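Here is how the chains run, residue by residue.
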Amino acid sequence: MVRLACVDVPELALQLLLNRHPEWRPHPSAVVSKDSPGGTILSVNPRAREEGVSPGMRYAAGLSLTPELRAATVPAREIEGGVQRILRRLQTASPQVEPCSEAGLFWVDATGMVPLYPSLEQWVERIHAGLGREGMYAVVAVGFSRFGCYAAAKSMALTAAAPGAHEARGQVFSTPEQERRTAVGAPLGVLALEPSILERLELLGVRTVGEFLKLPSGGVRRRFGAEAERLHRFASGVLAGGASELPLQPESPEQEARFTVQLPVPSSETLRLVHAAARCLDSLLQATEARQEMLRELRLVLQVEEGQAVSQAITPAAPTRDRRLILELITLRLDSTRLTGPVAAVSLSGAYTRESIAQRELFVQRSAQARAAAAQAFARLRAVFGNDAVQRACLEDEHLPERSYRWENLEHLPEDTGRLPDGSRPAPGASRPRPLPPLVRRVFRSPQPLPEQPLRRTLGLRRLWGPYLLSGHWWEWEVSREYYYGEDAAGVLLWLYRDRHTRRWWIAGRVE
Amino acid sequence: MAAGAGPTGGTGAVPAYVPLWCKSNYSFLEGASHPEELVRQAHGLGLPALALTDRDGLYGIVRAHVEARKLGVKLLVGVQLSLEDGGRVILLAQDREGYANLCGLVSAGRLRSPKGACRVRPEEVLARAAGLIALGLPDSLDTLAALREAFGDRLYALAARHRQADEPAREALLRSRAAALGVPLVAGTEVLYHDSGRRRLQDVLTCIGGNCTLDRAGTRLRPNDQHELKSPPEMLSLYRESLPRDLLLEDPGVIERTVEIAQRCSFGLEEIRYRYPSEELPDGLSSAQWLRRLALEGAERRYGREIPPGVRRQLDKELELIEELDYCGYFLTMREIVEFCQRRGILCQGRGSAANSVVCYCLEITAVDPVRMQLLFERFISRERDEPPDIDLDIEHRRREEVIQYVYERYGRDRAAMVANMVRYRLRSAVRDVGKVLGLPVTTLNRLARLLPAFGGELESSLRQAGLDLESPRHKMLAEFGEQILEFPRHLSIHPGGFLLGAEAVSRFVPVENATMPGRTVIQWDKYDVEDMHLFKVDLLGLGALTHLDYAFRLLREHRALSMDMASVPQGDPAVYDLACRADTVGVFQIESRAQMAMLPRLKPRCFYDLVIEISIVRPGPIVGGMVHPYLRRRSGAEPVEYPHPSLRPVLEKTLGVPIFQEQVMRLAMVAADYTPGEADQLRRDMAAWRSAGRIERHRDKLVSRMTAKGIVPEFAEKVYQQILGFGEYGFPESHAASFALIAYSTAWLKCHYPAEFTCALLNAWPMGFYTPSSIVEDARRRGVEVRPVDVLESAWECTLQPAGPAVLASAKRGVFAIRMGLRFVKSLERKDWEAIRAARESIRMRPAGPNGSPSLQEFVRLTRIDEGSLAALAEAGALRGFGEERREALWRVSGAARWKGGGRAGTPPVQPELPVGDDELLPEFAALSAFESIGWDYLSTGHSVRGHPLEPFREELARQGLPDAGALNAGEDGARVSYAGLVICRQRPGTAGGVVFMTLEDESGFVNCVVWARVFERYRTVILSNTVLGVSGALQSQDGVVHVVVESCWKPRLSRPPANKESRDFH
């Protein structure tokens, strides 16, 4: 007989939040939809519930009940990460695990567990223990039908007094009839119906799954929509002993597309390493093609025989499956990599992107355009000198000279917009003007201090213009400077400043 | 300071200098000083004059004008005007015409722009250049030539310097352009604060305006702190030393020219001569003659053909003064508005100090006879004060808009505009805005803001009490800047009903802009500015109680053929005073609050004047001033009535020797301390300006020494001063209280004699007053009035009266009526739904009934075509019971029935329902609603229940726990230990009560008042705030019929089910 388990990690977002902030556990705490007073409270811990805070309230309303209420958001990616961790953990308890669309809920095949464990109760305990190591609390129901064990798990989650309580954390049904009785008597809240629908059914006096099942299916659809009807049918399955339910659709652990070649004799010769990498690349490209995807980035790992592995990211100019091009980039990178010892193994894995028609066309018809060549050269530069080899200055919205720009890595060649640096387009037929300011200020990488001597004598200044004052940033550390332009005897224009706090002089740059 | 820039421009005398580009904090979120601070600083620096040139407005000019007049500083009136092309120009008014042009330009720019913005077209500036001096800025170079054309020699190029590195280049360009056009240069800095210590606050304001944090503000902040008001030597240093001479030519006159400009501007705000609109008058009469005629005619109506000599004398005195001060037009306008209301049947009544005037009484602007009540006319108008009177007119709130639109229509859009209300920073808004700028988490700020008092209080200690660590640098900054920003103007809103009316366009003497409400325009000055400028203001205020009265009188006319108004309500009815003494005053104007109800059985009002006192005594002024208990003791005979000096007897006699009204405080000052009427009025104004420290204190020595000199014992003199101090603006003038007492008496009379009409009208006038509809309905039911539930086949939109009892005709004859609740109380139902229901109802009545004899619900749904939500609300409210189905069945039937393609409504071509509901659809079985559930559904869908109180189904359960109902509890003995559970209908923490919370709990038998001391509240805060049904234990305090539970502990009652939710009304 098919045995099925439903594992529910209730209030997953709250559990993740309290794992992130364990110091919040004794205090009223809540997950909110956004970090603002208007954010909706999504879930609360028992302390908050004691203070009268409940999901659906605005954070501001919760605060009015207890000024101690701690709250934060839990981003979707954090929840997804939590789901993946739980999934991996459950896959150690059963090879067949199906995550539900409801985050924190899983179907687990328990059919083969009977001969492996003295009892299913002990198997459930193992699941609890495993999830406990992840810092998670769950309820588990083992039954015969999807809805039966779902309803039982949800009922336990609804009635569980507090996270951490050991009672009512697991239930194993011995007969389908026992499961059916439990499911029919379960509160309607176990169904993932929209709160507004639950409210309307509550008004009609429909409070249990059994009462819900007494409503005509067509009437449910007409009044509450297709999703409610789907749940109605889903719940009806328990009456049929689960016969009409979908079989389990387990998720298999993702196989990482990583290919490794062990070198027969550890070596640091580029040629040998390239050869090994080429073998990995062939396999990788094969797998890539099978996925109908393109390689966006490669990770090359060189396992040094007696040392730490060297890991390198290589980025082609555009997503590609071009073996020759990729191999050339690998060769360039290997040429420039300094190894601390002979390499015992070479691994290659990739990051993918979905193949588009345009990309396929690019792949088939190699463009000879200058832009593609430039991109290729750019990629080669980065392959040879590293990914931070090419940088550009970006203007920042700041008054302080040293904060008014920053360097950033250039990862792609910028698009040629055909515009001049000031954003305008050149006149038709006109040659591109080179608008150079009459004077260029060369800013030193860091200002140079001047000795505390009379300035004019130290620098031999003939004239000094200023001061131009710059002050502010008082909320962190206050800056107050007097800037001057000074001309020395040789006619060189210096850009100087005096720090008003330290009373010291600095040369910030030169005017050419 | 400048290193080696060459000679400093000589060592001669420092030239005089006038700052021409100053922005105060009325350049919202840009300037960081109050206008007064700028003027005081200018005075301190020895500057002869100062120009206030706020951005696109004259919001702060009156504040500056008042201060400048006091200190003898010349104030130039100007504006920094934003142009549509992105440029800016500074304009200064030379003369009255220039000022009118300035106001006109700002108005034009504001009226065409969305709220908060102002964009003036350059051609408008050129067209209205007369009487104005223009200062061109570097960023408006393109328009310099055009400005030159229009302004001629009244144009200057402003070479602004702030020691910024990019200024020399810009100035060089400006100089070359100016030289080419022959425009002289003038020196100036953009002044944003009076002292450089405010620079940080200016940064904070910039961030608030830019909605960013300091960390992300970047170049939105000014690069340095050179925007303070500079002294002449500092200006000399700035203009003679700092710039490279090979780039800029010396211009020795550049500073002196500021003085030349100041001399060319002769305009001052005192030149604004305001003429009140005087329309065409009959028989070629002057406005004074016409006013006299109307007043005398009115006096005959009020007093009969033989006008009493005292009244005649007072009339003559008032009319003479009104004519002398040229206020006749103002009174005629008020009379016109009142006449309009009378023509339209809109109830209105003057309130406030206008009730001190017999002219107002005769013109029917007010309803209180000031001669009979011996009210002080000087409180209204005083020759010494030379200040326009202020008449506030209460209008029934549902019809106020009609009167406002009349005023617009009568005087024209350009001659009428509403007075502004300046929204200023208070503790909470300051913490929220400054905290955001400092990058503190919004959730934290919200928590802090909630813990701060709504008004008053000292920020730093409040933040400390809220648990903020003030050792943290950012928290320190929050306290520092939060404190500094308090009282800064934040933005403009609209005064509730203040109008400015003019004989000429209002925009000639103050800029006008759009209000948020469509169709409304607002001037840039608030009521204090209007008062300081001696302008006339008409206040048209909405009052729910007048609507209530109007509705009740209409019901009496309709159902009993009784034609009544306020004037015909029988006076001196003992039953009305009995009702008041019992504090049976739910819904009675002014004396219905918890505090008033607690006072009524002690004060025991037996005449109209007692009501006047009752209304006035439950006010923060008398409470804080310690007048309440002495008055009550003297009234009950427990304490002898004594006067500190025989001369004070006439002043205090009416109130048993205890000052209760504002007028008494003024008279006290006049009689005991020989204040002139003008001085007494100044005292009143200083009492009102309680936020401005020091204004009231300056009266202390004068009052005490003069009273002592008259033989009044120093202790009493000091006591009087302390009472004045406590009075603040929280005391009522006697005339105002008397006006309100008239309305209070009328509503109480209706409640006493026509409770059904009273309740029906009150429900229809709601929202108003102190109580929710559920409490109003409960109160009516306790009084034996039958209240019937909403029913789509019976109810109208509003509540209506129906003959009561089973013997309908007989009861109608007897004049007993029941109230049928109106559909307006069904939540989510809209008025257009009612129109559809009414049409459908007519159709149903015209057709044969359904199969079981009742009209068919399906037919109703088809005919009304109202949406599913509204139908469900009707089903939940039980309003569909006329179709023969219980609420759950009706709810199931209508759910999904009204999903119409295209959402057709009555009057549009019929369409088929997407999912038609057939009569033959199988109806599931639903459990019948229990009594408890029925009441719950009522509250859920209509906010009240006529079937019972939410606690009624729990009475047995509560009795088993030994908990009495309100009736039994209120009959308990003083000092008894009691426990009680009731529904919280009000939580109140008045600012005058030192943290004490007053709660009113309710059950089916009545109210229970609770007093929760601050420490008890803090301990049970969560329980009190989070439970709608609350249990309290404590000591019963029962004195003079006033019963309170002094709460010692609070708890959540043990109930088998949660009761229906009823919202409480909380006040802070």
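Presented here is a report on the structure given in the accompanying data block. (Residues numbered from 1 in each chain as written. Chains lettered and ligands numbered in written order. Predicted model: local features only at pLDDT ≥ 70, side-chain atom pairs only at ≥ 80, totals over all residues. Heavy atoms only, no water.)

Here we take up the overall build of chain B. From N to C terminus, chain B includes 43 helices and 22 strands. Taken across its 1068 residues, chain B has 60% of its residues classed as buried. Residue pairs in contact within chain B that sit at least 24 positions apart in sequence constitute 72% of those at least 6 positions apart. Accessible area for chain B stands at about 41700 Å²; split by element, carbon and sulfur atoms hold 51% of it. (Helix = DSSP H or I, 4+ residues; strand = E, 2+ residues; numbered from the N terminus. Buried < 20%, exposed > 50% of the residue type's maximum accessible area, 1.4 Å probe, protein only. Contact = heavy atoms within 4.5 Å. Areas by Shrake-Rupley, 256 points an atom, 1.4 Å probe, with all protein chains shown as cover.)

Under the definition given, this model contains 32 aromatic pairs over all chains. On the numbers, 5.8 Å between centres and 40° between planes, the contact of Y577(B) with Y745(B) is tilted. Taken as a pair, Y577(B) in helix α22 (residues 574-581) and Y745(B) in helix α32 (residues 734-753) lie far apart in primary sequence, 168 residues in all. Across this residue pair, the class does not change: Y577(B) and Y745(B) are buried. An aromatic cluster of three or more residues is present, and its members are Y327(B), Y330(B), F331(B), F377(B), F380(B) and F536(B). Sitting over the ring of Y497(A), R481(A) keeps its end group 4.5 Å from the ring centre. Between R504(A) and the ring centre of W506(A), over which it is positioned, the NZ or CZ distance is 5.6 Å. (Phe/Tyr/Trp six-rings, centres within 6.5 Å; stacked < 30°, edge-to-face > 60°. Lys NZ or Arg CZ within 6 Å of the ring centre and 35° of its normal.)

What follows covers empty space enclosed by the protein. Over the atoms, a rolling probe the size of a water molecule traces out where space has been left empty. Counted according to the given criterion, the structure contains nine cavities of 30 Å³ or more. Each pocket or cavity is described by its volume, and for the largest cavity that value is around 170 Å³. Along the walls of the largest cavity sit 17 residues, with E398(A), H399(A), S471(A), G472(A) and H473(A) positioned nearest its centre. Going through the elements one at a time, β16 (461-472) of chain A together with α8 (214-217) of chain B are the ones with two or more residues in the lining of the largest cavity. A per-class count over the lining of the largest cavity returns eight nonpolar, five polar and four charged. (1 Å grid on protein atoms, 1.4 Å probe; cavity = no way out; pocket = protein on both sides within 12 Å on 5 of 7 lines; lining within 4 Å. Points joined across faces, edges and corners; volume = space filled by probe spheres on them. Nonpolar A, V, L, I, M, F, W, Y, C, P; charged D, E, K, R; others polar.)

Here we take up helix α43 (residues 1014-1026) of chain B. An ideal rise of 1.5 Å per residue puts 18 Å on 13 residues; α43(B) measures up with 17 Å between its terminal C-alpha atoms. At Y1020(B), α43(B) shows its strongest bend, of approximately 75°. (Expected span 1.5 Å × (residues − 1). Bend = angle between axes of the 7 residues up to and from the residue.)

This part is about the sheet that holds strand β3 (residues 88-93) of chain B. Residues and elements named next belong to chain B. The six strands lie next to each other as β1-β2-β3-β4-β5-β6, forming an open sheet whose pairing is mixed. Of all the strands in the sheet, the pair left with one neighbour each is β1 (49-55) and β6 (185-188). Sheet twist, expressed as the average angle between the axes of neighbouring strands with direction ignored, equals 35°. Where strand β2 (residues 74-82) meets β3, five bridges bridge the pair, whose relative direction is antiparallel. Counterpart to G78 in the pairing with β3 is L92. Contacting β1, β2, β3, β4 (132-136), β5 (155-160) and β6, helix α10 (residues 256-264) runs over the sheet at an angle of about 95° to β6. (Pairing = 2+ DSSP bridges. Axes fitted to C-alpha atoms, helices over the stretch in contact; angles between N-to-C directions.)

To continue, consider the nonpolar core. Residues and elements named next belong to chain B. Among the nonpolar cores identified, the biggest contains 154 residues, and V792, M821, L823, F860, L874 and L880 are the most heavily contacted of them. Excluding anything up to four places from it in sequence, F860 contacts V792, I837, A840, I844, L871, L880 and F883. In terms of nonpolar packing, the next biggest core, distinct from the first, is built from 67 residues, V89, A93, V183 and V510 among them. (Core = buried A, V, L, I, M, F, W, Y, C linked by side-chain atoms within 4.5 Å.)

It is worth spelling out the side chain of E30(B) at this point. Residue and element names in this part refer to chain B. Mapping E30 onto the fold places it in the segment before α1 (35-44). Only 2.9 Å separates the side chain of E30 from the side chain of K23, close enough to count as a polar contact. In contact with E30, other than residues within four places in its own chain, are K23, R55, E190, L192, Q202, L205 and R222. (Polar contact = N/O pair within 3.5 Å; in protein donor to acceptor, adjacent residues only side chain to side chain.)

All names here are of chain A. When you line up the elements, R47 lands in helix α2 (residues 46-50). Sequence separation between R47 and L69 is 22 residues, and the spatial gap between their C-alpha atoms is 9.3 Å. Those residues in contact with R47 that sit more than four places away from it in its chain are R25, P26, H27 and P28. A polar contact is formed between the side chain of R47 and the backbone oxygen of P26, at a distance of 3.2 Å.

Turning to unusual backbone geometry, a few remarks are in order. Trans is the prevailing form of peptide bonds, just as negative phi is the prevailing case for residues other than glycine. Cis rather than trans, the peptide bond between G466(A) and P467(A) has omega equal to 5°. Assignment of secondary structure puts P467(A) in strand β16. Cis geometry is adopted by the peptide bond preceding P767(B), which originates at W766(B) and carries an omega value of 10°. For P767(B), the position within the fold is in the loop between α33 (755-765) and α34 (773-782). The phi torsion at Q374(B) lies on the positive side, around 50°, for a residue other than glycine.

Its place among the elements puts S941(B) in helix α40 (residues 931-942). Given the relative accessible area of 3%, S941(B) is considered buried.

Right, let's get into the pattern of salt bridges. This model, assessed by the stated rule, comprises 96 salt bridges over all chains. Residues E512(A) and R510(A) are paired through a salt bridge, measuring 3.5 Å at the closest nitrogen-oxygen approach. Classification of E512(A) by relative accessible area gives partly exposed; the value is 41%. Among the residues examined, R510(A) registers a relative accessible area of 36% and is labelled partly exposed. With its nearest N and O atoms 3.3 Å apart, the salt bridge here joins R292(B) to D316(B). Of the two residues, R292(B) is situated in helix α11 (residues 287-303) and D316(B) in helix α12 (residues 309-324); the sequence distance between them amounts to 24 residues. One salt-bridge network, in which partners are shared between bridges, spans K23(B), E30(B), R55(B), E190(B) and R222(B). (Salt bridge = Lys/Arg side-chain N within 4 Å of Asp/Glu carboxyl O.)

A few words now on the environment of V1008(B). All names here are of chain B. Position of V1008 among the secondary structure elements: in strand β19 (residues 1006-1012). Considering only alpha carbons, one finds V1008 and A981, 27 residues apart in sequence, at a separation of 9.5 Å. If near-sequence neighbours (up to four positions away) are discounted, V1008 is found in contact with A966, L969, N970, Y980, M999, T1000, L1001 and V1045.

We now examine the interface of chain B and chain A. In this complex, chain B contributes 60 residues to the contact, which on the side of chain A involves 45 residues. Across the chain B/chain A interface, buried area totals approximately 4700 Å², and carbon plus sulfur atoms make up 56% of it. The tally of links from chain B across to chain A stands at three salt bridges. Put simply, R207(A) and E933(B) hold a salt bridge, and the shortest N to O gap is 3.0 Å. For the pair chain B and chain A, the number of links is 16 residue pairs in polar contact (both at pLDDT 80 or more). Mapped onto the side of chain B that touches chain A, the elements with two or more residues apiece are α7 (199-210), α8, α17 (442-451), α19 (473-485), α38 (868-877), α39 (887-894), α40 and α43 of chain B. The element that contributes the greatest number of residues to the side of chain B that touches chain A is α17(B), accounting for six residues. Looking at the side of chain B that touches chain A residue by residue, the classes come out as 26 nonpolar, 13 polar and 21 charged. (Buried area = accessible area lost by both parts, 1.4 Å probe.)

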